[in-house]
Protein chains: 2
Amino acid sequence: MSIDVQIWSDIACPWCYIGKRRFEKALASFPQRDQVRVTWRSYQLDPTLPEHDHRSEVDYLTEAKGMPRQQVEQMLEHVATNAAGEGLTYDFAGLVVANSRKAHRVLQLAKAADAADGGSCTDALKEALLAAHFEGAEDISDVEVLARLATEAGLDEDEARAAVDSEELDSAVDGDIALGRQIGVQGVPFFVFDNKYGVSGAQPPEVFAQVLETVAAEQAPKLITIDGEAGDACGPDGC
Amino acid sequence: MSIDVQIWSDIACPWCYIGKRRFEKALASFPQRDQVRVTWRSYQLDPTLPEHDHRSEVDYLTEAKGMPRQQVEQMLEHVATNAAGEGLTYDFAGLVVANSRKAHRVLQLAKAADAADGGSCTDALKEALLAAHFEGAEDISDVEVLARLATEAGLDEDEARAAVDSEELDSAVDGDIALGRQIGVQGVPFFVFDNKYGVSGAQPPEVFAQVLETVAAEQAPKLITIDGEAGDACGPDGC
């Protein structure tokens, strides 16, 4: 048995980190957790962002999304409370608004490395990027930051630096986004189990646990024998 | 997409050859036939047979199975008529009663070779063994016959000769038989599709065609989205 989970997710996406924790909580108590293979898929909520944006998160959301300032502040407070509930300390005041494209390219490098050697660099890097962005007030479009986080996650530093501007890895990012569009992903995080069940948003761990159990149960072989009129066969006692 | 078909079958099994033809007929008109992977699994209807048995098929069945001679003759006539309907010319008068164990070991060698290089020796050898036994009046427990058929099917002659008495390949035969017992195979041929649907006996091609279509349809991704109350997510217009 092997359960396939694909997760579309951005880095600049507060619910994605919360959703990651809730999924991990469900996974930790799932008996067949060793059989679950997670594939992180790139998604960009705002591909139009400049590489580095000097506005605060509140200013950015207020201006770019045309939302009232008070509503943005309430939304961020709601998000931060939920994050705290998962043990995450969001720092929206210090957050560096930045385009996540380069970070996604490095994540694609991690995916390729994991595919080649069965490692888990992608999850480590995804975790590090989310922590750096939401808790560490780091600039996730800065090459030095990316090189450091990638190296700590187990990637080769030179390869990580080259990945930042790699056209090939950029195409892999586009591929993930196109695949997401194809299956109807309109917001992130978005979880797809065995190409069969989709979970939209940072749902409670119980929802993820239930879907994992359902998928596992449906994988168990239930042999249905079809016997028509002409099922001639040979057995130990003759034909 | 890839459709997995496992076929438990013996060589000394007249309905197995007929069932093979009927399955092949269904496969030939199945649009996604290139995606179907067939695994031949060993099964022995009579493991107690001596290597070479000098009785005729009618004598063997009459004596060994305790069936009235007339009933045996009628049964063989019925089988031969069905075989003729699939273009097969069964020669029960010339048939050499023999234990199929050695032939199964060589089939296991073919399976290992195919697994290594993606070839199709197993199907070629299975076909050749059935033809040799039911149409060619050949002794399928004879090392020379086995070596010749294996070589014609694409195997290395020395490896084929070694396979005839290989303990390792004998264990593989036992493994197939044990797996069959586990899923409830009580007669052959027995077809299992995607570990999900079983077809017992040499059913008409229409039955196989229907199961192939069902399995293909069930493999097509039908994404079901689960949205509870707390599906917080971020989209292009905010979180």
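Right, let's walk through the structure included here.

Quick look at the overall build of chain A
A tally of regular secondary structure across chain A gives 9 helices and 5 strands. Listed by position from the N terminus, the elements making up chain A come as β-α-β-α-α-α-α-α-α-α-β-β-α-β. Buried positions account for 51% of the 239 residues belonging to chain A. Entry remark: accessible area of chain A is about 10700 Å², with carbon and sulfur atoms responsible for 48%.

What about helix α5 (residues 121-134) of chain A?
Each turn of an α-helix holds 3.6 residues, which means side chains three or four residues apart point in the same direction. The end-to-end C-alpha separation of α5 of chain A is 20 Å, in line with the 20 Å expected for 14 residues at 1.5 Å each. Within α5 of chain A, 10 of the 14 residues are buried, which leaves it mostly tucked inside the rest of the structure.

Remarks on the packing of aromatic side chains
Residue and element names in this part refer to chain A. On inspection of all chains with the given rule, the structure shows 16 aromatic pairs over all chains. Seen in terms of ring centroids, Y90 and F134 are 4.7 Å apart; in terms of plane orientation they differ by 15 degrees. Their pairing is stacked. With a gap of 44 residues between them, Y90 in the loop between α3 (69-85) and α4 (101-117) and F134 in helix α5 connect regions that are remote in the sequence. Note on accessibility: Y90 and F134 belong to one class, buried. Taken together, the ring pairs connect Y17, Y90, F92 and F134 into an aromatic cluster.

A few points about the sheet that holds strand β1 (residues 3-9) of chain A
The mixed open sheet is built from 5 strands, whose spatial order is β2(A)-β1(A)-β3(A)-β4(A)-β5(B). For this open sheet the edge positions go to β2 (36-42) of chain A together with β5 (224-226) of chain B, each flanked by a neighbour on one side alone. Adjacent strand axes in the sheet meet at a mean angle of 20 degrees when their direction is disregarded. Alignment of strand β3 (residues 190-193) of chain A against strand β4 (residues 197-200) of chain A, held across 4 bridges, turns out to be antiparallel. Bridge pairing in β4 of chain A places V192 of chain A opposite G198 of chain A. Sheet strands touched by helix α9 (residues 205-219) of chain A: β1, β2, β3 and β4 of chain A together with β5 of chain B. Its angle to β4 of chain A, the strand with the most contacts, is close to 175 degrees.

Procedures and definitions
Residues numbered from 1 in each chain as written. Chains lettered and ligands numbered in written order. Predicted model: local features only at pLDDT ≥ 70, side-chain atom pairs only at ≥ 80, totals over all residues. Heavy atoms only, no water. Helix = DSSP H or I, 4+ residues; strand = E, 2+ residues; numbered from the N terminus. Buried < 20%, exposed > 50% of the residue type's maximum accessible area, 1.4 Å probe, protein only. Areas by Shrake-Rupley, 256 points an atom, 1.4 Å probe, with all protein chains shown as cover. Expected span 1.5 Å × (residues − 1). Phe/Tyr/Trp six-rings, centres within 6.5 Å; stacked < 30°, edge-to-face > 60°. Pairing = 2+ DSSP bridges. Axes fitted to C-alpha atoms, helices over the stretch in contact; angles between N-to-C directions. Contact = heavy atoms within 4.5 Å.

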